[in-house]
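Read off the chains here:
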Amino acid sequence: MHDFYQHIYEQQLAVLEMPSNKKICGWATKILDALFPERNSGEMKSVDDVKLAFEQFELELEQLLSKSKACGNCNHSKVARQFFERIPALYELMCWDADALMDGDPAAQNKREVVRTYPGFFAICIFRMANELHRLGVPLIPRILTEHAHSKTGIDIHPGATIGHHLHIDHGTGLVIGETCTIGNYVKLYQGVTLGALSVDKGFSNVKRHPTIGDHVIIYSGATILGGETYIGHHSVIGGNVWLTGSVEPYTTVYHQATSKFIDSKPII
């Protein structure tokens, strides 16, 4: 047993120091709460309060980066500043995503309901922030954020994906969007959709492995679309349970034709 204990101890020494997942995810959630007061009690009472809050969020990001050995080569203050310079643009994207949910879901009563309760909205907002950190070269933290959203919503979006504006994620449970996936504008995705790779060979880690989805595409529940060379043309509709590994021209409807058998049965008394 001594050798086992020695091994565990050596493993701990080798681990790169990192703030807890709780602190990292808590930081992102506080930003989301500040951007959308529907999510909290609206504690900020003036413009100065808002300014001070975002200055504190920037300082917190700098501290998170400085305490992360994985980010040892980062310019912490520069990355934090660049991230918060992008916050207005990220906020605009998030608002457009909320609009897409409102416009596309008959069950949505108002924007407050979308912002506060829709798992698709939460997942895409966390992705937007994680994606920006990913673009700035921050390691690990973006994955921690998107996996937090995955654990809360069942929606798995890699922070390296490229996603346009007005994304509508309806229900979303079981949705998977891979690292090199590209999604256009005004796309609507239902639960159980997989935008994945044809192969999980590590040799393909630096190539495009996931599909490209054009503008105004609807992909219904359970559809699986695989491959880096697969392109779904704009204004196409992909039906439920469809399996695709090849490209689709614009304005195409693809559906799965199932054979159902009905058997008469006696009523239960």
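Residues numbered from 1 in each chain as written. Predicted model: local features only at pLDDT ≥ 70, side-chain atom pairs only at ≥ 80, totals over all residues. Heavy atoms only, no water.

A look at the nonpolar core
Generally speaking, a soluble globular protein has its nonpolar side chains buried in company with each other.
Piece 1. If you look at the biggest cluster of nonpolar residues, it comprises 43 residues, and the most contacted ones within it are Trp27, Ile31, Phe83, Phe84, Phe121 and Leu145.
Piece 2. At the level of elements, α2 (21-35), α3 (47-66), α4 (76-85), α5 (87-104), α6 (111-117), α7 (119-135) and α8 (141-153) are the ones that each hand at least two residues to this core.
Piece 3. Contact partners of Phe84, with chain neighbours within four places excluded, come to Trp27, Ile31, Phe54, Phe57, Glu58 and Leu61.
Piece 4. Core analysis: the second largest hydrophobic core is formed by 28 residues, Ile124, Ile177, Cys181 and Ile238 among them. (Core = buried A, V, L, I, M, F, W, Y, C linked by side-chain atoms within 4.5 Å. Buried < 20%, exposed > 50% of the residue type's maximum accessible area, 1.4 Å probe, protein only. Helix = DSSP H or I, 4+ residues; strand = E, 2+ residues; numbered from the N terminus. Contact = heavy atoms within 4.5 Å.)

Brief notes about the pattern of salt bridges
Piece 1. Within the structure shown, the criterion is met by eight salt bridges.
Piece 2. Close ionic contact of Arg128 with Asp97 constitutes a salt bridge, the shortest N to O distance being 3.0 Å. Within this pair, whereas Arg128 is found in helix α7, its partner Asp97 is found in helix α5, the two being separated by 31 residues in sequence.
Piece 3. Judged by relative accessible area, which is 4%, Arg128 ranks as buried.
Piece 4. With its nearest N and O atoms 2.8 Å apart, the salt bridge here joins Arg209 to Glu179. Of this pair, Arg209 sits in the loop between β7 (194-196) and β8 (212-213) while Glu179 sits in the loop between β4 (176-177) and β5 (182-183), and the two are 30 residues apart along the sequence. (Salt bridge = Lys/Arg side-chain N within 4 Å of Asp/Glu carboxyl O.)

Examining the packing of α4 against α5
Piece 1. It is at 5 Å that the axes of α4 and α5 come closest, and there the two elements cross at 40 degrees. For the element pair α4 / α5, the angle class is oblique. Residue-level inspection shows Phe83, Phe84 and Glu85 of α4 in contact with α5, the latter providing Ile87, Pro88 and Leu90.
Piece 2. Its residues assigned to classes, the contact of α4 with α5 comprises five nonpolar, no polar and one charged. (Axes fitted to C-alpha atoms, helices over the stretch in contact; angles between N-to-C directions. Parallel < 35°, antiparallel > 145°, perpendicular 65-115°, else oblique. Nonpolar A, V, L, I, M, F, W, Y, C, P; charged D, E, K, R; others polar.)

Comments concerning the packing of α2 against α5
Piece 1. Two elements in contact, α2 and α5, have axes separated by 12 Å at closest approach and are oriented at 70 degrees. Classified by the angle their axes make, α2 and α5 are roughly perpendicular. Within the contact between the two elements, α2 uses Ile31, Leu32 and Leu35 and α5 uses Ile87, Tyr91 and Met94.
Piece 2. In the contact of α2 with α5, the residues fall into six nonpolar, no polar and no charged.

Overview of the packing of aromatic side chains
Piece 1. Per the counting criterion, the structure on display carries eight aromatic pairs.
Piece 2. Aromatic side chains Trp27 and Phe84 sit 6.4 Å apart centroid to centroid with 80 degrees between the ring planes, which places their arrangement in the edge-to-face category. Of this pair, Trp27 sits in helix α2 while Phe84 is found in helix α4, placing the two residues 57 residues apart along the sequence. Take Trp27 and Phe84: they sit in the same class, and that class is buried.
Piece 3. On the basis of an interplanar angle of 80 degrees and a centroid distance of 5.1 Å, the ring pair of Phe83 and Phe84 is categorised as edge-to-face.
Piece 4. By way of ring pairs, the aromatic residues Trp27, Phe83 and Phe84 are connected into one cluster.
Piece 5. One cation-aromatic arrangement involves Lys152 over Phe122; the distance from NZ or CZ to the ring centre is 6.0 Å. (Phe/Tyr/Trp six-rings, centres within 6.5 Å; stacked < 30°, edge-to-face > 60°. Lys NZ or Arg CZ within 6 Å of the ring centre and 35° of its normal.)

Observations concerning unusual backbone geometry
Piece 1. With a phi angle near 65 degrees, His171 is a residue other than glycine that sits in the positive phi range.
Piece 2. One can find His171 in the loop between β3 (168-169) and β4.
Piece 3. His171 sits in the exposed class, given a relative accessible area of 52%.
Piece 4. The phi dihedral of Tyr186 falls on the positive side, at around 60 degrees, and the residue is not glycine.
Piece 5. Residue placement: Tyr186 occurs in the loop between β5 and β6 (188-189).

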